[in-house]
Each structure stands twice: as C-alpha cells, then as structure tokens.
There are 2 protein chains.
Amino acid sequence: MPRPLPSQGLAIGDLAARTGLAVSAIRFYETHGILAPVRNAGGHRRYARSDIRRLSFAMAAQKLGLPLAEIAGHLKDLPPDRAISQADWTRISRDLRAGIDARIAALTRLRDKLDGCIGCGCLSLDRCALYNPDDARADEGPGPVLLERD
Amino acid sequence: MPRPLPSQGLAIGDLAARTGLAVSAIRFYETHGILAPVRNAGGHRRYARSDIRRLSFAMAAQKLGLPLAEIAGHLKDLPPDRAISQADWTRISRDLRAGIDARIAALTRLRDKLDGCIGCGCLSLDRCALYNPDDARADEGPGPVLLERD
DNA sequence: CCTTGATCTGAAGTGCGCTTGAGAAATTAC
DNA sequence: GTAATTTCTCAAGCGCACTTCAGATCAAGG
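The present account deals with the structure reproduced in this document. Everything quoted here is computed from the prediction, not taken from an experiment.

What counts as what
- Residues numbered from 1 in each chain as written.
- Chains lettered and ligands numbered in written order.
- Predicted model: local features only at pLDDT ≥ 70, side-chain atom pairs only at ≥ 80, totals over all residues.
- Heavy atoms only, no water.
- Phe/Tyr/Trp six-rings, centres within 6.5 Å; stacked < 30°, edge-to-face > 60°.
- Helix = DSSP H or I, 4+ residues; strand = E, 2+ residues; numbered from the N terminus.
- Buried < 20%, exposed > 50% of the residue type's maximum accessible area, 1.4 Å probe, protein only.
- Near = heavy atom within 4 Å.
- Polar contact = N/O pair within 3.5 Å; in protein donor to acceptor, adjacent residues only side chain to side chain.
- Salt bridge = Lys/Arg side-chain N within 4 Å of Asp/Glu carboxyl O.
- Contact = heavy atoms within 4.5 Å.
- Axes fitted to C-alpha atoms, helices over the stretch in contact; angles between N-to-C directions.
- Parallel < 35°, antiparallel > 145°, perpendicular 65-115°, else oblique.
- Left-handed = near helix turned anticlockwise from the far one by under 90°.

**Digging into the packing of aromatic side chains**
Residues and elements named next belong to chain A. Scanning all chains against the criterion turns up 4 aromatic pairs over all chains. Centre to centre, the rings of Phe 57 and Trp 89 are 6.0 Å apart; their planes meet at 85°, and the pair counts as edge-to-face. Taken as a pair, Phe 57 in helix α3 (residues 50-63) and Trp 89 in helix α5 (residues 86-117) lie far apart in primary sequence, 32 residues in all. With respect to class, Phe 57 is no different from Trp 89; both count as buried.

**Thoughts on the protein's contact with DNA strand D**
In the neighbourhood of DNA strand D, 21 residues make up the surrounding shell, with Ser24(A), Tyr29(A), Gln62(A), Arg27(B) and Arg45(B) lying closest. Sugar plus phosphate: this is where 83% of the atoms of DNA strand D within 4 Å of the protein reside. Side-chain polar atom of Ser24(A) to a phosphate oxygen of DNA strand D: 2.5 Å apart, as the coordinates give it. At the level of secondary structure, the elements contributing two or more residues to the surface near DNA strand D comprise α2 (23-31) of chain A together with α1 (12-19) of chain B. Among the elements that make up the surface near DNA strand D, the one with the highest residue count is α2(A) (4 residues).

**Looking at the pattern of salt bridges**
Tallied over the entire structure, the rule returns 12 salt bridges over all chains. By sharing partners, the salt bridges in this structure join Arg97(A), Asp101(A), Arg111(B) and Asp115(B) into a single network.

**A look at helix α1 (residues 12-19) of chain A**
Burial in α1(A) covers these residues: Ile12(A), Asp14(A), Leu15(A), Ala16(A) and Thr19(A). Where α1(A) is buried, its residues meet α2, β2 (45-46) and α3 of chain A.

**Examining the packing of α1(B) against helix α3 (residues 50-63) of chain B**
Residue and element names in this part refer to chain B. Contact pair α1 / α3: the axes reach a minimum separation of 10 Å and the direction vectors enclose 45°. The angle between the axes of α1 and α3 places the two elements in the oblique class. The chirality of how α1 crosses α3 is right-handed. When α1 is examined against α3, the residues Leu 15, Arg 18 and Thr 19 are found in contact with a partner set consisting of Asp 51, Ile 52, Leu 55 and Met 59.

Geometric values such as these leave the question of function open.
Here's what the structure looks like:
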C-alpha cells in the first residue's frame, strides 16, 4: 500500500488512482500545462493535494467540451500551489454554460432544417437548407461527433 | 473552360467545382468507399452526374455528425450508378433526426447538471454530478468539440 | 540486500478527416 | 506543336487527446 507522507507529496500512481485517470494521461497533461509537479531526489514527480483538484477541474471542463489548451489557459491564471476555489469555478462555469447553450441552439436549428428536408430529398447544393453555412459550426470539429448508438 | 461531353463524364476538378469540395477530399472519399469512378484511357477519373448527388448526401450527412464510415455504409447499399432517391433520403434522415434529438437531450442534461454545480464548486469526484457517467458520451469523440467562439 | 513494482524518458502509434508535396504523365488551350 | 493546366500516385504531415513500447532507473517490502 503506497502511503507516502504528506510532506513528500503524492506519486503519480496515487494521483491516477484518486482521479481515475491513466498515468500516461497525467504526464500528457503536464506537457500541456495543466500541472507542474516538483521532482524528488530520484527524479520522480511529486504532486500536491491541490493537484487532485486541478485534475478534477480539467476533467469536468473536458466533459463540457473544452479543449486542453483552453483548460490550461484557465489554470495558468491561478497560482500553482492554490487549489481551484469556488469563486474560480463559478466564474468559469458561467462561461461554459453560455457555450453549452449555444451548442444546443445550433443543434436545434439543425434539427429544424432537417425536419424541413425529410420528405423533400432534394439535397440541392443551391437550395437545400442543410448546406446553409450558419449551422456548419455546430457539428464540425477535428473529428466526427459520434451519434450515440450505445 | 473545361466542358467535357456528358458521355465522357466529369473530371475530378469539375466535380470539385460543383460541390465545393477540394480535389484531395474527393480522392480521399474514394478510398473510403463513398465513390467509385471509372477511369478513362489515360487513367484519369471520370464521374457520373449521380456522383454529385452522392457527394451532396455525404456533405449533408457530415453536417449531421455522421462519420465517413457510416456514410459509406449507407451509400454502398445503393447501386453505384443510381443517385440517392428521395425515398433513400427520407429513410436515412429519420434515423439521423433521432440521433440529433439524443444529442440535444444529452447536452440539456449536462447543462442542468452544470446549473446545479455553479455556486457549489465542490468538483468532488464522489459527489459532483458532472462526473456522472451517463452524460460522458455527450461530448466525447475523437477530438474536442469546440465551443463556438467565432 | 534483493526482488518486485513503480516510475522515468522519448519516440511512435491510434483514429478521424483531410491537406500537402514530389515527380511524372495526361489533357487542354492557343 | 508547344506551353500551361490538370491529373495521377504515394507518402507524409496536421490537430487532438491520448496510449503503448522499450530500455533504464528508482523506491519499497520482506
């Protein structure tokens, strides 16, 4: 049972166990500025307790659709030794809510267009509402957004 | 002005001009089973008019969030020489609508959870509703789903 | 002390949807 | 007939979020 003294900090495996993340993911996040652990004499990473919260924040923000670069942007404004406070979270989460609302609105517009298209079947590049650019952003993104079929 | 006889079929550049797609994208789609053009004596691809419609369908389906593999799946059920009919489109688009509805519902649930979290700020891995697995699918996908900030 | 197990680094691989580039051959415009 | 344009193939690169692997070092339990 790994039970390091608090003074030594947490090992990466402990942090992985507590957050449910893979060790490799935590290291990856470090290269992207989410965390900045100190090293012990042997070169191993040692984490503060506040890092659990940084990762919690990152995981929550990812579920809300933020790319890692943005998450890192929010986190680098905070002192590395300080955990995310309630005030931080409230401030940030209000922004996120606006983003979700916009996505819902875009999807709803898309659905309405599709309703108009069912039974039409024209798919005309000139006339079909589906090609209208204003909804193009709704579903794009680096990769496909899977329809939930599970 | 490239104006090939209909008997020769369309060149890839013509198809690109008519659909707005890049030539490279059309070739890429071919490798993924969306199209299967014939070749002329010199080895150049020649497309039928119905291929414009196949690409239109693919573009519309992509806006609805389908990955290329699924689009190819729908298209390979149809004879290569036949264009997408209205009946095809109606059948398929009803499925797609259900998928969009599900995505909207998932995002709405996520938003409601976030509302419960604003002002709470706990981000507790045990208790926070944001970590509840049933919404995890809503935003995952190969890459991040950008919040629309444009 | 010694053996497990955890951790280290850096490079490469994955999946999706493409684009870019090189070098050659075909086609078209004049 | 020649020059300009298009097309050809194949390989590699990109962006995102990671994982996997190899080979070496470090830490901890008995």
